[in-house]
Amino acid sequence: MKELGKVGVLFGGRSAEREVSIMSGTGVLNALKSRGVDAHAFDPAERSLAELAAEKFDRVFIALHGRYGEDGSLQGALEQLGIPYTGSGVMASSLAMDKIFTKKIWLYHGLTTPKYAVLTADSDLNQIASDLGLPLIVKPPHEGSTIGITKVRAAEALPAAYQLAAKFDEEVLAEEFIQGRELTVAVLGRGAGAYALPLIEIVAPDGNYDYQNKYFTDDTKYLCPAPIDAELTQQIKTMCEAAYRTVNCEGWARIDVLLRASDNKPFLIEVNTSPGMTSHSLVPMAAKAAGMSYEDVCVEILKTARLKTAPDSE
């Protein structure tokens with residue numbers, strides 16, 4: 001643990017997911033300290049980059065979620081400061097943060113994701129509803145934790161759903177609704193060595209896996225490993241590993257998948273390059289099913305911290 005040096009755990013931040021990030025970062029900080037790591041809290045919303053440089057951290061664990069922490073901006077600053085960090089690099093973080101660009105990359109590589117449309121103030125919303133069918137999902141492409149998301153069941157509800165999502169983004173993502181089982185897949189590692197952890201099936205009250213049911217209630221059920229046959233499980237894992245690599249993720253990430261009820265076809269929804277690490281979070285749950293404790297997975301992720309622009313920064 002001494003070889004890991006002085007470690008900064010970055011959490012809090014200025015995004016709409018600040019509250020969740022504080023819970024994640026506090027958990028990571030306590031886990032690292034319990035293993036003897038010289039770990040220290042650092043909130044970029046309260047302290048400057050100059051103070052971050054002055055701390056002389058040997059590496060940092062990024063437990064920030066959303067804008068300014070998961071979108072490549074902080075990663076670029078850390079590259080400039082020469083501080084090795086966990087997770088994906090500048091480009092992968094930026095791409096993965098944008099659900100529209102992520103879908104374009106996946107589709108280019110032949111990976112399956114729901115049909116979609118990009119909404120602006122000038123869009124013909126009735127035509128969008130006709131093209132994608134109802135119900136459909138409307139969400140801001142740069143937010144997570146179900147912030148700003150609406151399930152639209154009738155065309156007349158589409159303008160309000162657009163207005164809600166447009167509070168967070170100039171462009172809004174409308175997406176075909178996939179009726180089926182909700183899965184999530186954690187992936188660890190880098191390049192050809194990246195591998196998926198056991199699948200988790202999420203069973204939320206009334207199928208509503210919203211912000212409250214994600215973080216603050218015990219009503220949502222998590223089945224891990226997901227009760228899916230071995231062949232389909234391996235197909236989904238392979239698909240998620242490919243999705244991870246095509247965006248050039250590294251270190252760790254969590255990929256959300258919907259398994260269509262009518263034919264058991266999996267659809268990629270999004271990739272989170274700085275997943276939650278709260279008591280309700282899913283990466284620790286998947287790691288536990290693979291035989292890793294919460295503390296284990298925090299330390300293993302920390303060990304992968306590096307500068308992505310320097311080829312000898314392993």
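This write-up is about the structure you can find in this document. Here the structure is a predicted model, which is why all the values come from computation and not from measurement.

Parameters and conventions
- Residues numbered from 1 in each chain as written.
- Predicted model: local features only at pLDDT ≥ 70, side-chain atom pairs only at ≥ 80, totals over all residues.
- Heavy atoms only, no water.
- Helix = DSSP H or I, 4+ residues; strand = E, 2+ residues; numbered from the N terminus.
- Rg over C-alpha atoms; globule rule 2.2 N^0.38 Å.
- Buried < 20%, exposed > 50% of the residue type's maximum accessible area, 1.4 Å probe, protein only.
- Contact = heavy atoms within 4.5 Å.
- Areas by Shrake-Rupley, 256 points an atom, 1.4 Å probe, with all protein chains shown as cover.
- Pairing = 2+ DSSP bridges.
- Axes fitted to C-alpha atoms, helices over the stretch in contact; angles between N-to-C directions.
- Parallel < 35°, antiparallel > 145°, perpendicular 65-115°, else oblique.
- Nonpolar A, V, L, I, M, F, W, Y, C, P; charged D, E, K, R; others polar.
- Phe/Tyr/Trp six-rings, centres within 6.5 Å; stacked < 30°, edge-to-face > 60°.
- Lys NZ or Arg CZ within 6 Å of the ring centre and 35° of its normal.
- Arc of directions from axis to C-beta.
- Polar contact = N/O pair within 3.5 Å; in protein donor to acceptor, adjacent residues only side chain to side chain.
- 1 Å grid on protein atoms, 1.4 Å probe; cavity = no way out; pocket = protein on both sides within 12 Å on 5 of 7 lines; lining within 4 Å.
- Points joined across faces, edges and corners; volume = space filled by probe spheres on them.

Turning to the overall build of the protein chain, a few remarks are in order. If you tally the helices and strands in the protein chain, you get 11 helices and 13 strands. Relative to a compact globule of 314 residues, whose C-alpha radius of gyration would be 20 Å, the protein chain shows 19 Å and is just as compact. Overall, the C-alpha framework of the protein chain stretches about 60 × 45 × 40 Å when taken along its three principal axes. Here the protein chain, with 314 residues, has 54% of them falling under the buried criterion. In the protein chain, the share of contacts with a sequence separation of at least 24, taken over all contacts with a separation of at least 6, comes to 67%. As presented, the protein chain carries roughly 13800 Å² of accessible surface, and 50% of it is formed by carbon and sulfur atoms.

Here the focus is the sheet that holds strand β1 (residues 6-10). Spatially, 3 strands are ordered β2-β1-β3 in an open sheet, and the strand pairing comes out parallel. Only two strands of the sheet have a single partner each, and these edge strands are β2 (38-42) and β3 (59-62). Ignoring which end each strand starts from, the neighbouring axes of this sheet average 30° apart. In terms of strand pairing, β1 meets β2 through 5 bridges, oriented parallel. Within β2, the residue paired with Lys6 across the bridge is Asp38. Sitting on the sheet, helix α3 (residues 73-81) is in contact with β1 and β3, with an inclination near 175° to β3. Sheet strands touched by helix α11 (residues 294-303): β1 and β3. Its angle to β3, the strand with the most contacts, is close to 125°.

Of the two faces of β3, both are covered, the one formed by Arg59 and Phe61 as well as the one formed by Val60 and Ile62. Inspection of the sheet shows β1 paired to β3 by 4 bridges, in the parallel sense. Across the sheet, residue Val9 finds its bridge partner in β3, namely Phe61.

A few words on the packing of helix α1 (residues 18-34) against α11. Where α1 contacts α11, the two axes come as close as 9 Å, and the packing angle between them is 90°. Comparing the axis directions of α1 and α11 gives the class roughly perpendicular. Along the contact surface, α1 presents Ser24, Gly27, Val28, Ala31, Leu32 and Ser34, while α11 presents Tyr294, Glu295, Cys298, Val299 and Leu302. Considered class by class, the residues forming the contact of α1 with α11 number 7 nonpolar, 3 polar and 1 charged.

If you walk through the whole model with that rule in mind, you get 2 aromatic pairs. Seen from their ring centres, Phe42 and Phe57 are 6.4 Å apart, and the 90° between their planes marks the pair as edge-to-face. Pair noted here: Phe42 is in strand β2 and Phe57 is in the loop between α2 (49-54) and β3, with a separation of 15 residues, a long-range link. In this pair, the class of Phe42 matches that of Phe57, namely buried. Note that Arg14 overlies the ring of Tyr68, its terminal NZ or CZ placed 4.0 Å from the centroid.

Those residues of helix α6 (residues 125-132) lying buried are Leu125, Ile128, Ala129 and Leu132. In a view along the axis of α6, the buried residues occupy a sector of 100°, so they form one face of it. Of the residues in α6, the exposed ones pointing more than 90 degrees away from the buried face are Asn126 and Ser130. Where α6 begins, one side-chain oxygen reaches toward the backbone nitrogen of Asn126, 3.2 Å away; that side chain belongs to Asp124. A positive backbone phi angle near 80° is found at Gly133, which sits one or two residues after α6.

Further remarks concern the layout of surface pockets. The computed volume of the second largest pocket comes to approximately 190 Å³. Taken together, 14 residues form the lining of the second largest pocket, with Arg14, Pro44, Leu49, Tyr68 and Leu74 sitting closest to its centre. Listing elements by their share of the lining of the second largest pocket, those giving two or more residues are α2 and α3. No other element matches α3, which puts 3 residues into the lining of the second largest pocket. The residue makeup of the lining of the second largest pocket, split by class, is 9 nonpolar, 3 polar and 2 charged.

Inspection of the entire model under this criterion finds 1 cavity of 30 Å³ or more. One number sums up the size of the largest cavity: a volume of about 50 Å³. Every residue along the wall of the largest cavity is listed here: Ile62, Gly69, Gln75, Thr86, Gly87, Ser88, Ser93, Trp252, Thr273 and Ser274. For the lining of the largest cavity, the per-class residue count stands at 2 nonpolar, 8 polar and no charged.

Relative to the assigned elements, Lys288 resides in helix α10 (residues 282-289). Judged by relative accessible area, Lys288 falls into the exposed class, the value being 66%. Placed 168 residues apart in sequence, Lys288 and Thr120 show a C-alpha to C-alpha distance of 42 Å.

Keep in mind these numbers describe shape, not what the thing actually does.
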